[in-house]
Structures are given as C-alpha cells and as structure tokens.
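In case you want the letters, here they are:
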Amino acid sequence: MSAEPETADASPPPAPARRGWPALRPLVLRLHFYAGVFIAPFLLVAAFSGLLYAASFQAEKIVYAEELRVPEGERELPLRDQIAAARAAHPEGELSAVRPSPEPGATTRVLLAGVDGIDPEHTLAVFVDPYTAEVRGSLEQYGSTGALPLRTWIDKLHRDLHLGQPGRLYSELAASWLWVIAAGGLLLWFTRRRAQRAVRGTTGRRRALGLHGTVGAWVAVGLIFLSATGLTWSTYAGQNVTELRTSLGQLTPEVDAGAAAGGEHAEHGGHAGHGADGGDGAGHVHDHGVDGSTPGGIDLDTALAAARSEGLTNPVEILPPADASSAYVVRQIQRSWPEKQDAVAVDPSSGVVTDVVWFEDFPVLAKLSRWGIDLHTGILFGLPNQILLGSLALSLMFLIVWGYRLWWLRGRGSAFGRPLPRGAWRAVPLSLGLPLLAVVALVGWFVPLLGLSLLAFLAVDIVLGALARRRAGRAGEGEGERAGAVRG
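Analysis parameters
Residues numbered from 1 in each chain as written. Predicted model: local features only at pLDDT ≥ 70, side-chain atom pairs only at ≥ 80, totals over all residues. Heavy atoms only, no water. pLDDT = per-residue confidence, 0-100. Contact = heavy atoms within 4.5 Å. Helix = DSSP H or I, 4+ residues; strand = E, 2+ residues; numbered from the N terminus. Buried < 20%, exposed > 50% of the residue type's maximum accessible area, 1.4 Å probe, protein only. Polar contact = N/O pair within 3.5 Å; in protein donor to acceptor, adjacent residues only side chain to side chain. Axes fitted to C-alpha atoms, helices over the stretch in contact; angles between N-to-C directions. Left-handed = near helix turned anticlockwise from the far one by under 90°. Nonpolar A, V, L, I, M, F, W, Y, C, P; charged D, E, K, R; others polar. 1 Å grid on protein atoms, 1.4 Å probe; cavity = no way out; pocket = protein on both sides within 12 Å on 5 of 7 lines; lining within 4 Å. Points joined across faces, edges and corners; volume = space filled by probe spheres on them. Phe/Tyr/Trp six-rings, centres within 6.5 Å; stacked < 30°, edge-to-face > 60°. Lys NZ or Arg CZ within 6 Å of the ring centre and 35° of its normal. Salt bridge = Lys/Arg side-chain N within 4 Å of Asp/Glu carboxyl O.

### Focus on the confidence of the model for the protein
Part 1: Summing up the model confidence of the protein, the mean pLDDT is 85 and the portion of residues at 70 or higher is 81%.
Part 2: Scored below 50 in pLDDT, residues 259-285 makes 115 contacts in the model with residues more than four places away or belonging to other chains.

Following this line, the structure appears as structure tokens:
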C-alpha cells in the first residue's frame, strides 16, 4: 500500500536538516518495503484462511442442514423430553449444556462433554427435533458460536495452521505487522502527489504502484481493525491486553454462580488454548438426572422459565450446576446485532433467580471487546459482515501480489528486488528520533512479536550494511592499487 519512489539511488541518502514528515518519509518507506517483503507470506496465508472462514458460516448451513433444520411443528416438547431422547441415543459423557431451539424449524442442541474420541476442549452436540424429540444426528462442536466440524477446521487453519502453539506464533506475527504495514502505506499514499497516485492511463510499474496504493488506501482502516482485534486473543499481545483491562477494571463481568461461571476470556477462547469462537462450557459437568435435573431439585425447563421471567429471550444456553453448591446458569448467546449477552443464575433447589448480569451494564472495554471480536469473525452483522470480511481478505491478497510485482519491477536488468537505500534513519533529527524511539520501544514491548521481529530486521540490515561497506572498501583499495601500478 506504499508509494515507492520512481527512481532509487544505490548509495546511502544524504542527511539534510529536514523536519517533520519529510524527515520521516524515507524511514517509513523503508520499513513498509521490508515489512511487506518479509511479512507478506504470513499475511497471504492469513488472508486466504480468513476468506475461507468468512464463507464458512453460510457453508455450514448447507453442509449440516440435516442436523440444523427440521419441519416446523405446532408445539415444542419440554426440554426434559428432548434431553432424555438425546441421552438415550448417546449415553456417553456428561451433560455439559443445552441450547434450546432458538427459532421455529431449528433443532435443539444437547451438548455432552467427556465423550471418547472428542477433543477435551470440544463437546458432542446432539441435535434433537424440538417437536418430536427425534435425534437428527450428532457432531463435534467448538466454541461459544457453536462451530461445527467444517468451521472448526477452517478456524484452526486461520488460527494456527493446525500446528498448535508454533502455528499461533505465525498468526500473531501477521496480526502484529498488518497494522504497521497498513498505516505506513496509508501515510505514504496520502503524502504522495495527486498526479503520482493516478491509475488510469498508466502502464507497467506506475500502474501497479497506483493500484497498490489506491486499493490499500481504501481498505487500510479495515485491515488495521482486523489487526487490532486479532491481537486481543493472541498469545503474547493478548495477555498484555487482558492485563491492561484488569488494571483498568474493564473485565467482562460474570454471573455469580460459584464454579458454574466461565473464565474471563471464555468469550473468545483465552490466549493459549482456544480460538476466536471461544469456550463452550465443555468442562461444566456434574452428576445430573437423565433429563438434566439435579437430585431433589428443579430441571432445565424450570431454570429456563425463571430466566424467561427476567426477560432473557432466544437464543440461550443452559448450563447445569457444576457441583452441589453451584446454580444453573442461563445465558444469552446471540452475537449478532443487537447483542444478547445477559445471564442469570438460578437456585437449583428453589428455582429462584439469585444473580443477574446485564450486557448493558458491561464496562466500556468489555463491550468494545465483544463487538470487535464478533465483527472480526463475521458474526455481528451476519451475511453483510461476512461479505465485507471476504472483500478485505481478497483486497489484502491482491495488495500482496501487486507489492511483489513492484519489487520485481524495481530491479534493473538482473538486479531483481533491488532494495531501498540505507541510511534513512540518519535524516531524522534527534528531536523527532528520540520520542519516536520511545514510542517504538513501548509498542514493541506491548506487542512482543512486532518488537522482536523489528529488532531482527534492524540487526540484519546493520550486518548487510557492514558487509556492503567492506566490499566497497576492498573495491576501492583494488582500484587504488591498479591506479598506482599504471602510474608506475
């Protein structure tokens, strides 16, 4: 998304007494160039997998239509009958949660944890016809958005390339640099003369440069947003985000139900072990009756009725008590606009609501985190949101292709990929360079993979510069010796 100079000098640039942006532009240009060259492969993989993920919501509805949809009936059966049917077909594991049919024609999901052959962080979702209690099938489910196998596989591809923790570092590195490359390119584009931004009527490198800069300027804000929200659930930067929210008292509130409540980042899977979809209560199990009731207490139908009396509407998820001292938790799980994230705790012996958490009372950063994550994953505004994400992913892929083409066209003859000249930092005055260095150090500490990779770029650049100077010195000595021999 940069505006590279039309010509380049192989020698280090002079360091005139420039102020403000003219002093910074060569440095930003060089950073944008090298970050684009070396980080672009990571971004290309992230963009392609993100494109697949944006399409996975609609694909899921088609692939799993048999499990997700049923003919509409006249009256839904009690949850206890639906749960009993699911348990009769799948007596393995423990009841983890129940998601009642959220709308006419949708199945009820009975979630079982601890099932052999199912990932411990996932659940087995048993799909039940709410009108007949017919079991329509069962599928492995992951996350608070109820991702089924297709979307789960794509989610893991986007999150860690199915490589576990090493793969998570790839995605964090890409997210760490995306906002830097996008913001730098945006600055370069806006400070470039209007005539040099033109695309129409140009050819070759000039046309590729115009397309790269113009498209990049249009999508820069979206790319910066994806980078920032992606970092919130990354391994290292995400931990810093959580610590910052903790220090500011901006964590997501939890309904008071003892061990029944989930962890702070259950909303999007924490930092190390989960993905954007988040946890789904797989560990929330206790010894319940076949219909989900507690011994000598109420059942899930009564808990749901108590939640309805407090105003909780579909879609909801009901979690049985985790132990003898815990309550039922009924929470809304709608992540599309308008968000429904209210939750109540219900006493398992009396059916009385003991605690309520309203989404409207969430701290500001907790709300922004929820909205940001759901917008990033394509849930907040449904299909339009997913189309927008797909467009951003495609745009990023084209930007990378154009960027590499610019690199190719930058060479002369056999000098493919001729780099930008070194020494741009020497043109930055101390009055500007020292505050800039402090800001870079702070950002590098908060986003560790950005800081470490930037140091690596700097070290490589210094080494290459030293080698170039040594070669130039030897060449000069050789020329001097030959000149002396000729004079002799």
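### What to know about the side chain of Ser 101
Part 1: Looking at where Ser 101 falls in the secondary structure, it is placed in the loop between β1 (94-99) and β2 (108-113).
Part 2: We classify Ser 101 as buried; its relative accessible area is 4%.
Part 3: A distance of 2.6 Å separates a polar side-chain atom of Ser 101 from the backbone oxygen of Ala 106.
Part 4: The contact partners of Ser 101, leaving out residues within four places of it in the chain, are Glu 76, Ala 106, Thr 107, Thr 108, Pro 130 and Asn 314.

### Here we look at the packing of helix α7 (residues 204-231) against helix α11 (residues 382-410)
Part 1: Close contact between α7 and α11 brings their axes to 8 Å; oriented N to C, the two are set at 145°. Pair α7 / α11 crosses with left-handed handedness. Across the interface between the two elements, Gly 204, Arg 205, Ala 208, Leu 209, Leu 211, His 212, Val 215, Gly 216, Val 219, Gly 222, Leu 223 and Leu 226 from α7 touch Leu 389, Leu 392, Ser 395, Leu 396, Leu 399, Trp 402, Gly 403, Arg 405, Leu 406, Leu 409 and Arg 410 from α11.
Part 2: Looking at side-chain class alone, the contact of α7 with α11 contains 14 nonpolar, six polar and three charged residues.

### Comments concerning empty space enclosed by the protein
It is a probe the size of a water molecule, rolled over the atoms, that shows where empty space is left.
Part 1: Evaluation of the coordinates by the stated rule reveals three cavities of 30 Å³ or more.
Part 2: Of the pockets and cavities examined, the largest cavity occupies roughly 570 Å³.
Part 3: In terms of lining residues, the largest cavity is bounded by 29 residues, among which Ala 46, His 158, Leu 226, Gly 230 and His 376 are the most central.
Part 4: Examining the composition of the lining of the largest cavity, we find that seven residues originate from one element, helix α5 (residues 165-190), more than from any other.

### Topic: helix α3 (residues 79-89)
Part 1: Turning to α3, its buried residues number three or more, namely Leu 79, Gln 82, Ile 83, Ala 85, Ala 86 and Arg 87.
Part 2: Residues of α3 that are buried sit in contact with β1, β2, β3 (123-128), β4 (135-141), α9 (300-309) and β5 (316-319).

### Some thoughts on the packing of aromatic side chains
Part 1: Within this structure, the stated rule accounts for 13 aromatic pairs.
Part 2: For the pair Trp 337 and Trp 371, a centre-to-centre distance of 5.9 Å together with 50° between the ring planes defines the contact as tilted. One end of the pair, Trp 337, is in the loop between β6 (328-332) and β7 (343-346); the other, Trp 371, is in helix α10 (residues 364-376), and 34 residues separate them in sequence.
Part 3: Each ring, one from Trp 337 and one from Phe 381, has its centre 6.1 Å from the other, and the planes form 35°; the classification is tilted. Taken together, the positions of Trp 337 in the loop between β6 and β7 and Phe 381 in the loop between α10 and α11 put the pair 44 residues apart, joining distant regions of the chain.
Part 4: Here the aromatic residues Phe 33, Tyr 34, Phe 38, Trp 177 and Phe 457 are joined through ring pairs into a cluster of three or more.
Part 5: The cationic tip of Lys 367 hangs over the ring face of Phe 359; the distance from NZ or CZ to the ring centre is 5.9 Å.

### Considering the pattern of salt bridges
Once their charged atoms are close, side chains differing in charge can pair, the charge on each being opposite to the other.
Part 1: By the definition in use, this model includes twelve salt bridges.
Part 2: For Arg 69, the salt bridge is made with Glu 103, and the minimal N-O distance between the two is 2.9 Å. Of this pair, Arg 69 sits in the loop between α2 (65-68) and α3 while Glu 103 is found in the loop between β1 and β2, placing the two residues 34 residues apart along the sequence.
Part 3: Salt bridges sharing common partners tie together Glu 66, Glu 134 and Arg 136.

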